[in-house]
Amino acid sequence: MNSGSTAPLLSVSGLSHYYGAITGCCGVSFDLWPGEVIGVVGESGSGKTTLLNCISGRMAPTVGKVEFCTRTEGLADIYRMSEAERRMLMRTDWGFVHQNPRDGLRMGVSAGANIGERLMAVGARHYGEIRDTANDWLGKVEFNLDRMDHLPSTFSGGMQQRLQIARNLVTGPRLVFMDEPTGGLDVSVQARLLDLLRELVTDLGLSAIVVTHDLAVARLITQRLMVMRQGEVVETGLTDQVLDDPQHPYSQLLVSSILQV
Amino acid sequence: MDTISQSPDNFHAASGSYNFAYLDEQTKRMIRRALLKAITIPGYQVPFGGREMPLSYGWGTGGIQVTASVIGPEDILKVIDQGADDTTNAVSIRSFFAKTTGVETTTETAEATLIQTRHRIPETPLREDQVIVYQVPIPEPLRWLEPRETETRKMHGLAEYGGMHVRLYEDITRYGKIATSYDYPVIVNGRYLMRPSPIPKFDNPKMDQNPALQLFGAGREKRIYAVPPYTSVKSLDFEDHPFEIQTWDQDCAICGSTDSFLDEVITDDAGGRMFVCSDTDYCGQRMAAHDASDETETNQ
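Predicted model only: the values in this text are computed from it and were never measured.

As judged from the 7 bridges shared by strand β1 (residues 10-19) of chain A and strand β2 (residues 22-32) of chain A, these two strands associate in the antiparallel manner. Pairing of Leu10(A) across the sheet is with Leu32(A), part of β2(A).

What follows is the structure, encoded as structure tokens:
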């Protein structure tokens with residue numbers, strides 16, 4: 001990291017978003033440091049996705065600032081930079097893993113092309129090299145390499161999700177947004193995926209923001225946790241701390257709702 | 001109106017109550033403005049208020065409106081459909097303009113000043129004093145990639161064209177080579193991505209640095225774009241899979257041409273087939289020249 005650990009990678013301050021009279025999220029501030037994984041938990045409708053969309057450059061917040069530490073200029077407000085710069089950031093330095101892989105993948109083209117797309121978008125024009133890189137990444141996400149030329153629609157849910165992750169990581173992003181990355185997968189596949197995610201995050205020194213309603217996911221891959229309710233962050237802290245000793249009544253409710261097997 | 005008085009005498013007799021070249025002068029003016037904008041921004045799609053034409057969408061309503069707006073009484077018109085001058089679309093559009101303008105028509109590329117075409121660029125090289133009008137079914141090259149018009153416009157604005165290579169990548173992965181053979185995407189003047197209309201990729205190199213003005217009209221989608229004379233037109237490709245045009249094992253069965261685009265013609269139901277020039281005028285010219293030289297030989 002060129003700027004070292006002195007500057008946060010992402011800095012969010014006073015962020016609120018309203019849909020007319022309805023509050024999406026309200027007064028959210030936090031810093032994300034390089035190599036850190038933050039989890040956002042809360043029930044349905046608590047504003048998690050609104051928050052994620054606002055900080056990932058997909059929806060301008062009503063008020064507040066989202067600053068990202070760019071490679072060249074240091075901290076810069078992503079909604080004040082030109083759209084061209086922001087879109088460039090979104091397809092190089094950032095990744096976005098959708099809950100439903102169909103939203104994040106191009107279903108009509110092969111797995112290899114899905115991974116190659118981001119490379120071609122930033123100017124790669126050598127077929128052989130694109131293919132080699134795609135191959136490498138499929139290996140890293142434990143994909144059966146024989147299936148590189150198959151369409152994503154022929155893959156299982158877990159494979160689609162791993163493909164989506166590979167597709168996002170191929171340009172070497174520094175920040176990855178994940179919206180319920182394990183939603184809709186059965187538990188054994190979830191466990192493998194989480195294991196993979198944890199490995200990748202550690203190996204690549206990625207920072208990530210993971211939105212989930214699954215506290216087990218939060219426990220496994222995040223270091224810090226924000227608990228949201230009705231658009232507001234009601235509690236933040238180290239993940240183990242929040243989960244083992246919740247302070248806010250809602251956090252207590254959330255933690256006590258986990259089914260013990 | 002003044003413009004009508006400019007038209008040749010035989011026009012009044014033939015046209016009945018229609019204005020010169022069918023469209024009213026205000027419409028032509030609007031289309032010419034769109035054309036001027038299109039020429040100044042090569043490859044950029046300019047929206048225009050497309051009119052209902054007396055033929056159905058998909059038959060050349062865009063091209064016909066562009067032709068109607070640029071045609072003058074002194075022009076000599078040629079209309080091409082799939083390379084031929086004698087197919088339905090070519091015949092009816094040619095007679096439409098003969099009727100509504102009274103201009104002279106021709107089938108010879110070298111003689112024409114204005115050429116409306118569907119699916120081909122003539123084999124005979126074009127000149128500076130010629131204008132070629134293409135009929136375009138779908139003008140947006142990014143449409144297969146992105147269905148939203150707002151988004152494709154943004155992608156053009158920011159020159160985000162990387163995704164187009166995904167299609168070529170898929171071609172190579174599936175077929176071992178770039179299998180896209182017509183409507184092959186190009187970058188115009190190093191800036192805008194453009195669909196060259198469904199011409200075979202064989203014709204793509206002819207667009208590059210062409211001395212003639214090239215105009216494109218899409219009637220259903222109501223878009224006009226242009227490639228001015230001597231403008232670079234580059235076909236997309238990969239460094240290790242460069243752009244290539246089609247080749248044939250045979251020569252033209254009629255004129256023996258080795259360098260023109262060939263159509264496969266099925267001659268019977270027993271597998272009989274022949275390959276002939278798609279450009280009927282070019283083939284005819286070669287035959288005429290051949291016959292002429294034969295005659296001089298026998299005379300000697």
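Residue and element names in this part refer to chain A. Tallied over the entire structure, the rule returns 0 disulfides over all chains. The thiol of Cys26 is unpaired, and the distance to the nearest cysteine sulfur, on Cys25, comes to 7.8 Å. Cys26 sits in the partly exposed class, given a relative accessible area of 25%. Cys25 supplies the cysteine sulfur nearest to Cys54, a cysteine that is in no disulfide, at a spacing of 5.0 Å.

Time to look at the layout of surface pockets. Taken as a whole, the largest pocket spans an internal volume of roughly 1,200 Å³. Together, 33 residues line the largest pocket, and Arg58(A), Arg87(A), Met90(A), Arg91(A) and Glu151(B) are the ones closest to its centre. Elements with a contribution of two residues or more to the lining of the largest pocket: α2 (83-92), β6 (94-97), α3 (101-104), α4 (111-121) and α6 (157-169) of chain A together with α6 (149-157) of chain B. Per-element tally for the lining of the largest pocket: the top contributor is α2(A), with 5 residues. Of the residues contributing to the lining of the largest pocket, the split by class is 10 nonpolar, 9 polar and 14 charged.

Turning to the confidence of the model for chain B, a few remarks are in order. Should pLDDT be low for a region, the predicted coordinates there are not to be read in detail. Residues and elements named next belong to chain B. Overall, the predicted model of chain B reaches an average pLDDT of 92, with 94% of residues at or above 70. Segment residues 1-7: pLDDT under 50, and 8 contacts once partners within four positions in sequence are set aside and those in other chains are kept. The complex prediction reports pTM at 0.86, with the ipTM value standing at 0.85.

Let's shift gears to the interface of chain B and chain A. With 19 residues of chain B in contact, the opposing surface of chain A contributes 22 residues. When chain B packs against chain A, close to 1,900 Å² is buried across both sides, 59% of that on carbon and sulfur atoms. Linking chain B with chain A are 4 salt bridges. Between Glu151(B) and Arg87(A) there is a salt bridge; the shortest N-O distance is 2.9 Å.

Before going further, it helps to examine the packing of aromatic side chains. The description of an aromatic ring pair rests on the distance of the ring centres and on the angle between the ring planes. Using the criterion set out here, one finds 16 aromatic pairs over all chains in the structure. Seen from their ring centres, Tyr184(B) and Phe243(B) are 4.9 Å apart, and the 70° between their planes marks the pair as edge-to-face. Pair noted here: Tyr184(B) is in the loop between α7 (164-175) and β6 (186-188) and Phe243(B) is in the loop between β10 (233-235) and β11 (262-266), with a separation of 59 residues, a long-range link. Every member of this aromatic cluster is reached through a ring pair, and the members are Phe68(A), Trp94(A), Phe96(A) and Phe177(A). One Lys or Arg, Lys140(A), reaches over the ring of Trp137(A) and ends 4.2 Å from the middle of that ring.

So, on to helix α5 (residues 88-101) of chain B. Residues and elements named next belong to chain B. In this model, α5 (14 residues) spans 20 Å end to end at C-alpha, consistent with the 20 Å of a helix rising 1.5 Å per residue. Looking at α5, one finds that the buried residues are Asn89, Ala90, Ile93, Arg94, Phe96, Phe97, Thr100 and Thr101. The buried side chains of α5 occupy one side of the element, clustering within an arc of 155° when seen end-on. Exposed side chains of α5 directed beyond 90 degrees from the buried face belong to Thr88 and Lys99.

All names here are of chain A. You can see Arg118 is positioned in helix α4. In the structure, Arg118 is positioned 27 residues away from Arg91 in sequence and 6.7 Å away in space, judged by C-alpha atoms. Not counting residues up to four positions away in its chain, the partners in contact with Arg118 are Met90, Arg91, Thr92, Trp94, Gly95, Arg167, Asn168, Val170, Thr171 and Pro173.

Bringing the environment of Val166(B) into the picture now. With respect to the element layout, Val166(B) can be found in helix α7. Since its relative accessible area comes to 0%, Val166(B) is described here as buried. Placed 49 residues apart in sequence, Val166(B) and Leu215(B) show a C-alpha to C-alpha distance of 28 Å. If we ignore the near neighbours within four places in the chain, the residues touching Val166(B) are Val109(A), Ala113(A), Glu117(A) and Met120(A).

Rules and cut-offs
- Residues numbered from 1 in each chain as written.
- Chains lettered and ligands numbered in written order.
- Predicted model: local features only at pLDDT ≥ 70, side-chain atom pairs only at ≥ 80, totals over all residues.
- Heavy atoms only, no water.
- Pairing = 2+ DSSP bridges.
- Helix = DSSP H or I, 4+ residues; strand = E, 2+ residues; numbered from the N terminus.
- Disulfide = S-S within 2.5 Å.
- Buried < 20%, exposed > 50% of the residue type's maximum accessible area, 1.4 Å probe, protein only.
- 1 Å grid on protein atoms, 1.4 Å probe; cavity = no way out; pocket = protein on both sides within 12 Å on 5 of 7 lines; lining within 4 Å.
- Points joined across faces, edges and corners; volume = space filled by probe spheres on them.
- Nonpolar A, V, L, I, M, F, W, Y, C, P; charged D, E, K, R; others polar.
- pLDDT = per-residue confidence, 0-100.
- Contact = heavy atoms within 4.5 Å.
- Buried area = accessible area lost by both parts, 1.4 Å probe.
- Salt bridge = Lys/Arg side-chain N within 4 Å of Asp/Glu carboxyl O.
- Phe/Tyr/Trp six-rings, centres within 6.5 Å; stacked < 30°, edge-to-face > 60°.
- Lys NZ or Arg CZ within 6 Å of the ring centre and 35° of its normal.
- Expected span 1.5 Å × (residues − 1).
- Arc of directions from axis to C-beta.

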